[in-house]
Amino acid sequence: MHGTSATGYRHLRERTLCQDAYAYEETASGLVLAVADGAGSAPDSREGARQAVRLAMEAFLPTVTAWERLPDARARKEQLTEAFRDVRAEFLRWCQGPPGRYATTLTVVVLARGWLGQLSIGDGLVLVRAETGAGGNAGAGGSGGAGTATSYHLLPRAHTGSEYANETVFVGSPSALAHLRVDCVRDEGIEGVLLSTDGLTHALLRRAPAGPPLPHDAFLGHLFDRLARPDYDPAEEERRLKDFLGSDQITRVTGDDKTLLWAIRT
């Protein structure tokens, strides 16, 4: 697993701290990963984002069980939704007043044997790396074992339901539960997952001639393949990422804070 955040140039120019946050925990059964993006217009959104991912670790860890423990997709989704209800209730208590000053998105992934759960409020991204089997659509990230190929998939994103395209719903928003996105993916072939705040949308996704955007296989392949190397060095990977996230290539297309959190089965 590896996670990193970088302050966007707008915040650097304004001398404000990064308002993104991330957290992850591993258990004997699997993983919980979470990223949060504090709203730039909210004065204490940095603290809100950090609190949201802390609460997510507490609420979602009990859901990390092998598929055979609860082999029902609807029941799994209800379990994830209830965990978010707990997060939101604790978040509102923690705010001790109007939650707008702590406004933050939240994206959570639960990964255990046989399945993956996704829950998001706001505009975070979740992409999975999976083995497709012989003859599948291989991504640029290379191939798995003999007779397998690797592909990348963007999971469905939460929507605001608003008439304003750039309006985001936050954890503390009155309409949060109505606009929550919850998915349960039953797939033995999932070998990696990546979460990101929306500041890296242009790096992770590419425009398709028709239909929704597609994963940028080359970039994702490099990330996952480096993480899977036997000589993986966290400090060296952090240096590479900081250089990339602060490069002209990225700052030309976004001034937002940027967070990546990803894990691969080795």
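Residues numbered from 1 in each chain as written. Predicted model: local features only at pLDDT ≥ 70, side-chain atom pairs only at ≥ 80, totals over all residues. Heavy atoms only, no water.

**Quick notes on the pattern of salt bridges**
So, step 1. Taken as a whole and judged by the stated rule, the model has 14 salt bridges.
So, step 2. A salt bridge links Glu-191 to Arg-129, with the shortest nitrogen-to-oxygen separation between them at 2.6 Å. In this pair, Glu-191 sits in strand β9 (residues 190-196) while Arg-129 sits in strand β6 (residues 125-131), placing the two residues 62 residues apart along the sequence.
So, step 3. Since its relative accessible area comes to 12%, Glu-191 is described here as buried.
So, step 4. For Arg-129, a relative accessible area of 6% translates into the label buried.
So, step 5. When the shortest N-O distance is used, the salt bridge between Arg-129 and Asp-225 registers 3.1 Å. Of this pair, Arg-129 sits in strand β6 while Asp-225 sits in helix α5 (residues 217-227), and the two are 96 residues apart along the sequence.
So, step 6. Linked by salt bridges that have partners in common, Glu-236, Arg-239, Arg-240 and Asp-243 make up one network. (Salt bridge = Lys/Arg side-chain N within 4 Å of Asp/Glu carboxyl O. Helix = DSSP H or I, 4+ residues; strand = E, 2+ residues; numbered from the N terminus. Buried < 20%, exposed > 50% of the residue type's maximum accessible area, 1.4 Å probe, protein only.)

**Let's talk about the packing of α5 against helix α6 (residues 234-245)**
So, step 1. At a minimum axis separation of 11 Å, α5 and α6 run at an interaxial angle of 160 degrees. In terms of orientation, α5 lies roughly antiparallel with respect to α6. Relative to α6, the crossing made by α5 is left-handed. Contacts between α5 and α6 involve Phe-219, Leu-223 and Arg-226 from the former and Glu-237, Arg-240, Leu-241 and Phe-244 from the latter. (Axes fitted to C-alpha atoms, helices over the stretch in contact; angles between N-to-C directions. Parallel < 35°, antiparallel > 145°, perpendicular 65-115°, else oblique. Left-handed = near helix turned anticlockwise from the far one by under 90°. Contact = heavy atoms within 4.5 Å.)

**Some points on unusual backbone geometry**
So, step 1. Positioned with a positive phi, Gln-96 is a non-glycine residue whose angle comes to about 50 degrees.
So, step 2. Take Gln-96: its relative accessible area is 75%, and that puts it in the exposed class.

**What about the sheet that holds strand β1 (residues 2-6)?**
So, step 1. Spatially, five strands are ordered β1-β12-β9-β6-β7 in an open sheet, and the strand pairing comes out antiparallel. Two strands bound the open sheet, and with one partner strand each, they are β1 and β7 (150-154). When the angles between neighbouring strand axes are averaged without regard to direction, this sheet yields 15 degrees.
So, step 2. The sheet strands contacting α5 are β1, β6, β7, β9 and β12 (258-264), and the helix crosses β12 at an angle near 60 degrees.
So, step 3. Its contacts with the sheet put α6 on β1 and β12, and the angle it makes with β1 is roughly 35 degrees. (Pairing = 2+ DSSP bridges.)

**Remarks on the sheet that holds strand β4 (residues 106-112)**
Sheet strands associate in pairs through backbone hydrogen bonding, adopting either a parallel or an antiparallel arrangement.
So, step 1. Overall, antiparallel pairing links the five strands, which are arranged β2-β3-β4-β5-β8 in an open sheet. If you trace the sheet from one side to the other, it starts and ends with β2 (20-26) and β8 (181-186), each paired once. The average angle at which neighbouring strand axes cross in this sheet is 10 degrees, direction not considered.
So, step 2. Direction of pairing for β4 relative to strand β5 (residues 115-121): antiparallel, over a ladder of seven bridges. If you follow Ala-112 over to β5, its bridge partner there is Trp-115.
So, step 3. Of the strands in this sheet, β2, β3 (30-37), β4 and β5 touch helix α2 (residues 45-60), which is tilted by about 160 degrees from β3.

**Considering the side chain of Asp-183**
So, step 1. Within the secondary structure, Asp-183 is located in strand β8.
So, step 2. When its relative accessible area of 13% is taken as the criterion, Asp-183 is described as buried.
So, step 3. For Asp-183, the side chain forms a polar contact with the side chain of Gln-118, separated by 2.8 Å.
So, step 4. Side chain to side chain, Asp-183 and Arg-181 meet in a polar contact 2.9 Å long. (Polar contact = N/O pair within 3.5 Å; in protein donor to acceptor, adjacent residues only side chain to side chain.)

**Some words on the nonpolar core**
So, step 1. Grouped together as the largest cluster of nonpolar side chains are 35 residues, with contacts concentrated most on Phe-60, Phe-84, Leu-106 and Ile-121.
So, step 2. Element by element, the count of residues in this core is highest for α2, at eight residues.
So, step 3. Other than its neighbours up to four places away in sequence, Phe-84 contacts Phe-60, Leu-106, Leu-119, Ile-121, Val-171, Ala-176, Leu-177 and Leu-180.
So, step 4. Leu-127, Phe-224, Leu-241 and Ile-264 belong to the second-largest nonpolar core, a separate cluster that totals 21 residues. (Core = buried A, V, L, I, M, F, W, Y, C linked by side-chain atoms within 4.5 Å.)

**Observations regarding the packing of aromatic side chains**
So, step 1. Tallied over the full model, the rule gives five aromatic pairs.
So, step 2. Taking 6.5 Å as the distance between ring centres and 55 degrees as the angle between the ring planes, the aromatic pair formed by Trp-67 and Trp-115 counts as tilted. With Trp-67 in the loop between α2 and α3 (73-95) and Trp-115 in strand β5, this residue pair connects regions lying 48 residues apart in the sequence.
So, step 3. Under the relative-accessibility criterion, Trp-67 is labelled buried at 10%.
So, step 4. Relative to Trp-94, the ring of Phe-91 lies with its centre 5.7 Å away and its plane at 40 degrees, an arrangement referred to as tilted. A residue pair is termed a helical-turn pair when its members lie 3 or 4 positions apart in one helix, as Phe-91 and Trp-94 do in helix α3 at three residues. (Phe/Tyr/Trp six-rings, centres within 6.5 Å; stacked < 30°, edge-to-face > 60°.)

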